[in-house]
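Chain by chain, the residues:
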Amino acid sequence: MSDLSEPLLPLNTIKGKSWVSDPAVWGSIGNLSMTTVGAEVLSLPAAVATTGWLLGTFLLVLFAGMADLSNIFLLRCGKASGLDDYEKIGRAYLGRWGGLAVRVSLVLLLLGALTSVNVIVVDMVSSNMGYFSLDGQWFNSRIFISFMNIFLMWP
């Protein structure tokens, strides 16, 4: 196990090149930030309204701390093993079944996120069709909008 005072990421280089100037790093930061700001943040007001502001704030801080701790564990495992992929790290530390569990959990996470985005798109599109006097038309049905979103946007 590495020293706890050692930084999680190298200060200037990863695999011999500067990670600060690597566009893939900044693209990853952008993708993760937009994922966080997406459907999950839109559900926070409903969650706080359901649990109350005190319990909702406590749970928000608790889950943020747990997410931070899991990221620290993931970075330390990746650094110790020299691997940079969720599945490879899961397979290295948890065996074949651990790698499979990581793959299944990632697929379920992405499926849940895409389902949330689909619900939001269907709600927004179907409710805004009324502004164009298109209520009751066959192409304004929630099923049609959902299928169009799935088949045109997701691939």
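Structural notes, computed from the coordinates.

**Quick notes on the pattern of salt bridges**
Then, number 1: For the structure shown, the criterion picks out two salt bridges.
Then, number 2: Measuring nitrogen to oxygen at the nearest pair gives 2.9 Å for the salt bridge that ties Glu87 to Arg103.
Then, number 3: What makes Glu87 buried here is its relative accessible area of 18%.
Then, number 4: Asp123 is the salt-bridge partner of Arg142, the closest N and O atoms lying 2.5 Å from each other. Note that Arg142 is positioned in helix α5 (residues 142-153) and Asp123 in helix α4 (residues 86-128), a separation of 19 residues in sequence.
Then, number 5: Of the residues examined, Arg142 reaches a relative accessible area of 44% and is grouped as partly exposed.
Then, number 6: The class for Asp123 is partly exposed, based on a relative accessible area of 35%.

**Focus: helix α3 (residues 53-81)**
Then, number 1: Given a rise of 1.5 Å per residue, 29 residues ought to cover 42 Å, and the 42 Å separating the end C-alpha atoms of α3 matches this to within 8%.
Then, number 2: Of all the residues in α3, the buried ones are Gly56, Arg76 and Gly78.
Then, number 3: The inward-facing, buried residues of α3 contact α2 (44-51) and α4.
Then, number 4: Just past α3, the residue Gly82 takes up positive phi, approximately 80 degrees.

**A closer look at α4**
Then, number 1: Taking 1.5 Å per residue, 43 residues should reach 63 Å; α4 reaches only 40 Å between its end C-alpha atoms and comes up short.
Then, number 2: The largest bend in α4 is about 150 degrees, located at Leu94.
Then, number 3: For α4, the set of buried residues is Glu87, Ile89, Gly90, Gly98, Gly99, Val102, Asn118, Val122 and Ser126.
Then, number 4: The inward-facing, buried residues of α4 contact α3 and α5.

**A closer look at the packing of aromatic side chains**
Then, number 1: Applying the stated criterion across every chain, the model contains one aromatic pair.
Then, number 2: With 5.8 Å between their ring centres and 10 degrees between their planes, Phe147 and Phe151 make a pair best called stacked. Here the residue Phe147 and the residue Phe151 both occupy positions in helix α5, the gap between them amounting to four residues, near one helical turn.
Then, number 3: Overall, Phe147 belongs to the partly exposed group, its relative accessible area being 45%.
Then, number 4: On the basis of relative accessible area, Phe151 is assigned to the exposed category, the value being 58%.
Then, number 5: The ring of Trp97 carries the charged tip of Arg96 above its face, separated from the ring centre by 5.1 Å.

**Re the packing of α2 against α3**
Then, number 1: Between α2 and α3, the least distance of the axes is 6 Å, while the angle of their chain directions is 125 degrees. Classed by the angle they form, the pair α2 and α3 counts as oblique. As for the relative orientation of α2 and α3, their crossing is right-handed in sense. On the side of α2, the interface is formed by Leu44, Val48 and Thr51, while α3 contributes Trp53, Leu55, Gly56, Leu59 and Leu60.
Then, number 2: Taken together, the residues of the contact of α2 with α3 sort by class into six nonpolar, two polar and no charged.

Rules behind the numbers
- Residues numbered from 1 in each chain as written.
- Predicted model: local features only at pLDDT ≥ 70, side-chain atom pairs only at ≥ 80, totals over all residues.
- Heavy atoms only, no water.
- Salt bridge = Lys/Arg side-chain N within 4 Å of Asp/Glu carboxyl O.
- Buried < 20%, exposed > 50% of the residue type's maximum accessible area, 1.4 Å probe, protein only.
- Helix = DSSP H or I, 4+ residues; strand = E, 2+ residues; numbered from the N terminus.
- Expected span 1.5 Å × (residues − 1).
- Contact = heavy atoms within 4.5 Å.
- Bend = angle between axes of the 7 residues up to and from the residue.
- Phe/Tyr/Trp six-rings, centres within 6.5 Å; stacked < 30°, edge-to-face > 60°.
- Lys NZ or Arg CZ within 6 Å of the ring centre and 35° of its normal.
- Axes fitted to C-alpha atoms, helices over the stretch in contact; angles between N-to-C directions.
- Parallel < 35°, antiparallel > 145°, perpendicular 65-115°, else oblique.
- Left-handed = near helix turned anticlockwise from the far one by under 90°.
- Nonpolar A, V, L, I, M, F, W, Y, C, P; charged D, E, K, R; others polar.

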